[in-house]
Amino acid sequence: MALDYGFFNGIDRKYDAVQLSRMFDGIINDGVFATVGKQFEVKYVNNMLITVGTGRAWFRHIWSSNDTLFPINLDPAETIIDRFDAIVLETDLINRTAEIKYIKGIPASSAVEPEYSDTQTLHQAPLAVIFRKAGSTSISQMDIVNKVGTSKCPLVTAVNPTVTTESMIANWEIEFDNWMVRRQNDFD
């Protein structure tokens, strides 16, 4: 089936797609689901070919699901100057699409990753950034930096996605301290 997505507004509907999707606000935040597939992991295949792994995401009240490897052929590197290319999951509310896209970076003496669209109607979540060394004829896995799980492409982990390990450990310490006080009171 490959990449599938939805839902977008119909013309003759009483309730629109965003109204329906808002029932998930507070339960699901924008991001890639940590527990579905391979979280759109970008992997080197050979020479200039990469694949984007399976996964499911939720951005701008639109879900995207990829259930097969998605191959992408990269453009050749520049002859003299390095660049960074990006693989993004793009949600376009105007054109009613969600797509995995390849963004060719801008060559520069101090190359930086491309800029990503983040407007009310067009959102690009970076899945990976690929370093393109000037004059190179192929890439390796070491040239790929997966960006899923970063602030620009966060993970959806659970109903409460803002739990941190620090807060969990702090809660465990409080619970343990309370348990110790109760045990000491049992012996007094």
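A. View of the packing of aromatic side chains. What the rule picks out here adds up to two aromatic pairs. Consider the rings of F84 and F131, whose centres lie 5.2 Å apart with planes at 55 degrees: the pair is tilted. In this pair, F84 sits in strand β8 (residues 83–92) while F131 sits in strand β10 (residues 122–132), placing the two residues 47 residues apart along the sequence.

B. Representation of unusual backbone geometry in the model. For Q39, which is not glycine, the phi dihedral falls at a positive 55 degrees. Relative to the assigned elements, Q39 resides in the loop between β2 (31–33) and β3 (42–46). Residue classification places Q39 among the partly exposed positions, given a relative accessible area of 25%. Its identity is not glycine, yet H61 carries a phi of approximately 65 degrees, on the positive side. Positionally, H61 belongs in the loop between β5 (55–59) and β6 (62–66).

C. Seen up close, the sheet that holds strand β7 (residues 70–73). If you walk across this open sheet you meet the three strands as β3-β4-β7, and the pairing is antiparallel. Every other strand in the sheet has two partners, leaving β3 and β7 as the edge strands with one partner each. With strand direction ignored, the average angle separating the axes of adjacent strands in the sheet is 30 degrees. Pairing between β3 and strand β4 (residues 49–52): four bridges, direction antiparallel. By the bridge assignment, Y44 is partnered in β4 with I50.

D. Geometry of a nonpolar patch on the surface. Residues F176, W179 and M180 make up a contiguous nonpolar surface patch of roughly 290 Å² in combined accessible area. In this fold, M180 is placed in helix α2 (residues 165–187).

E. Local environment of the pairing of β4. The side-chain alternation of β4 yields two buried faces, one formed by L49 and T51 and the other by I50 and V52. Hairpin geometry of β3 and β4 is characterised by an intervening segment of two residues between the two adjacent antiparallel strands and by a positive phi of about 40 degrees at N47. Bridge analysis of β4 against β7 gives four bridges, and the strand direction is antiparallel. Counterpart to V52 in the pairing with β7 is F70.

F. The nonpolar core, seen in detail. Core analysis: the biggest nonpolar cluster contains 20 residues, and F40, V42, I50, V52, I87 and L127 have the highest contact counts within it. Looking at this core, the elements with two or more residues in it are β4, β5, β8 and β10. Sequence-distant contacts of V52, defined by excluding residues within four places in its chain, comprise F40, E41, V42, N66, T68, L69, F70, I72, I87, I100 and L127. One finds A86, V88, I103 and V129 within the second-largest nonpolar core, a separate group that totals five residues.

What counts as what
- Numbering of residues begins from 1 in every chain and follows the order in which that chain's sequence is written.
- Where local features are concerned, this predicted model is filtered to residues with pLDDT of at least 70; where side-chain atom pairs are given and counted, the filter is 80 or more; whole-chain, interface and lining totals use all residues.
- The basis for every side-chain value is the complete set of heavy atoms in the structure, and neither hydrogens nor water enter the calculation.
- Aromatic contacts are taken between Phe, Tyr and Trp rings whose centres are within 6.5 Å, Trp giving its six-membered ring; a plane angle under 30 degrees counts as stacked, one over 60 as edge-to-face, and the others as tilted.
- Numbering of helices and strands runs from the N terminus; a helix is a DSSP stretch of H or I covering at least four residues, while a strand is a stretch of E covering at least two.
- Remark: exposure states derive from per-residue accessible area (1.4 Å probe, protein chains only) relative to the maximum for the residue type, with buried under 20%, exposed over 50%, and partly exposed in between.
- Each pair of strands is called paired provided DSSP finds at least two bridges between the two strands.
- Axis angles are defined between N-to-C directions and span 0 to 180 degrees, where every axis is a line fitted to C-alpha atoms and, for a helix, only to the segment in contact.
- Every patch collects residues that have over 30% relative accessible area and no salt bridge, joining them within 9 Å if they carry like charges and within 5 Å if they are nonpolar side chains (Val, Leu, Ile, Met, Phe, Trp, Tyr).
- Each accessible area value is a Shrake-Rupley result obtained with a 1.4 Å probe; residue values ignore everything except the protein chains displayed when judging cover.
- Salt bridge, as applied in this entry: a Lys or Arg side-chain nitrogen positioned within 4 Å of an Asp or Glu carboxyl oxygen.
- Put simply, buried Ala, Val, Leu, Ile, Met, Phe, Trp, Tyr and Cys residues joined by side-chain atoms within 4.5 Å make one nonpolar core.
- Note on contacts: a residue pair qualifies if any of its non-hydrogen atoms lie within 4.5 Å across the two residues.

Keep in mind that these numbers describe shape and distance, not what the molecule does.
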